[in-house]
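Take a look at the letters that make up each chain.
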Amino acid sequence: MATIFSKIIAGDIPCYKIAENDKFFAFLDINPLAKGHTLVVPKQEIDYFFDLSNEDLAAMQIFAKRVATAVKGAIPCKKVGQAVLGLQVPHAHIHLIPIKKESDMIFSNPKLKLTDAEFCEIAKEISSVFK
Ligand code: 5GP
């Protein structure tokens, strides 16, 4: 059965898309720790991040770098933090989170409630500076 992220990539479930290439897809996390919290996902359906081949892992990190640069360009923050958990969704993904302090990366923090219009605006701003 396809994962929820495969359904998003296929367009069967809506998302706030940031960018994609032939191998990877980036979209806003629906329960963000911060405005601009983005997920980077391989189109290949694989559960555990470290089961990706060396080549795919490197390519995914390079794609995530481009996404992180766009997030930092669009969202006021000190840095973009990166994390890999994968405890909820069994489809490898990188979290990119705009941060100002260490505690902004604590995943048990309360998540932001954003409106559809806010998600749309954030996705538009990040994707417009994605190179
Ligand atoms: P993890 O697997 O790394 O522990 O967490 C999965 C992340 O995916 C969570 O931050 C959660 O909010 C996000 N997520 C789960 N389902 C969806 C979804 O349907 N759409 C989006 N955009 N994000 C999701």
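Scroll up a little and you will see the structure.
Okay, so let's go over this structure. (Residues numbered from 1 in each chain as written. Predicted model: local features only at pLDDT ≥ 70, side-chain atom pairs only at ≥ 80, totals over all residues. Heavy atoms only, no water.)

### Some points on the sheet that holds strand 5 (residues 94-99)
As summarised here, the arrangement of the five strands in space is 1-2-3-5-4, forming an open sheet in which the pairing is antiparallel. Where the open sheet ends on each side, the last strands, each with one partner, are strand 1 (17-20) and strand 4 (79-83). Strand after strand, the sheet turns through a mean of 20 degrees between neighbouring axes, direction not considered. Here strand 4 runs beside strand 5; their pairing, made up of five bridges, is antiparallel. (Pairing = 2+ DSSP bridges. Helix = DSSP H or I, 4+ residues; strand = E, 2+ residues; numbered from the N terminus. Axes fitted to C-alpha atoms, helices over the stretch in contact; angles between N-to-C directions.)

### Thoughts on helix 3 (residues 116-129)
Spanning 14 residues, helix 3 covers 20 Å between terminal C-alpha atoms, matching the ideal 20 Å at 1.5 Å per step. Among all positions of helix 3, only Phe-119, Ile-122, Ala-123 and Ile-126 are buried. Across the axial projection of helix 3, the buried residues extend over an arc of 95 degrees, all falling on one side. The outward face of helix 3, more than 90 degrees from its buried face, is lined by the exposed residues Ala-117, Lys-124 and Ser-128. (Expected span 1.5 Å × (residues − 1). Buried < 20%, exposed > 50% of the residue type's maximum accessible area, 1.4 Å probe, protein only. Arc of directions from axis to C-beta.)

### Topic: the side chain of Thr-38
Following the sequence through the fold, Thr-38 ends up in strand 3 (residues 38-42). Beyond its immediate chain neighbours, meaning those up to four positions away, Thr-38 contacts Ile-18, Ala-26, Phe-27, Leu-28, Asp-29, Val-67, Val-71, Ile-94, His-95, Leu-96 and Ile-126. (Contact = heavy atoms within 4.5 Å.)

### Comments concerning the site of the ligand
The ligand sits among 16 residues. The nearest are Leu-28, Asp-29, Gln-88, His-93 and His-95. Here Asn-31 contributes a side-chain N or O atom positioned 3.1 Å from an oxygen atom of the ligand. One nitrogen or oxygen atom from the side chain of His-95 is found 2.8 Å from an oxygen atom belonging to the ligand. Protein contacts shield 88% of the accessible area of the ligand, which totals 520 Å² for the unbound molecule. With three residues, helix 1 (residues 4-10) is the single largest residue contributor to the shell around the ligand. The class makeup of the residues in the shell around the ligand is 10 nonpolar, five polar and one charged. (Near = heavy atom within 4 Å. Polar contact = N/O pair within 3.5 Å; in protein donor to acceptor, adjacent residues only side chain to side chain. Areas by Shrake-Rupley, 256 points an atom, 1.4 Å probe, with all protein chains shown as cover. Nonpolar A, V, L, I, M, F, W, Y, C, P; charged D, E, K, R; others polar.)

### Things to note about the layout of surface pockets
In this approach the atoms are scanned with a rolling probe the size of a water molecule, which exposes any empty space left behind. Counted as a void, the largest pocket has a volume near 480 Å³. Taken together, 23 residues make up the lining of the largest pocket; nearest its centre are Asp-29, Asn-31, Leu-39, Gln-88 and Val-89. (1 Å grid on protein atoms, 1.4 Å probe; cavity = no way out; pocket = protein on both sides within 12 Å on 5 of 7 lines; lining within 4 Å. Points joined across faces, edges and corners; volume = space filled by probe spheres on them.)

### Considering the state of the cysteines
If you walk through the whole model with that rule in mind, you get zero disulfides. Sulfur of Cys-15: no disulfide; nearest cysteine sulfur belongs to Cys-120 and is 11 Å away. Here Cys-120 falls in the partly exposed class, since its relative accessible area comes to 38%. (Disulfide = S-S within 2.5 Å.)

### Observations regarding the packing of aromatic side chains
Think of a pair of aromatic rings as described by two things: how far the centres are apart, and how the planes are tilted against each other in angle. For the coordinates displayed, the defined rule picks out seven aromatic pairs. Centre to centre, the rings of Phe-25 and Phe-27 are 5.9 Å apart; their planes meet at 55 degrees, and the pair counts as tilted. In terms of burial, Phe-25 and Phe-27 fall into one category: buried. Through a chain of ring-to-ring contacts, the aromatic side chains of Phe-5, Phe-25 and Phe-27 assemble into a single cluster. (Phe/Tyr/Trp six-rings, centres within 6.5 Å; stacked < 30°, edge-to-face > 60°.)

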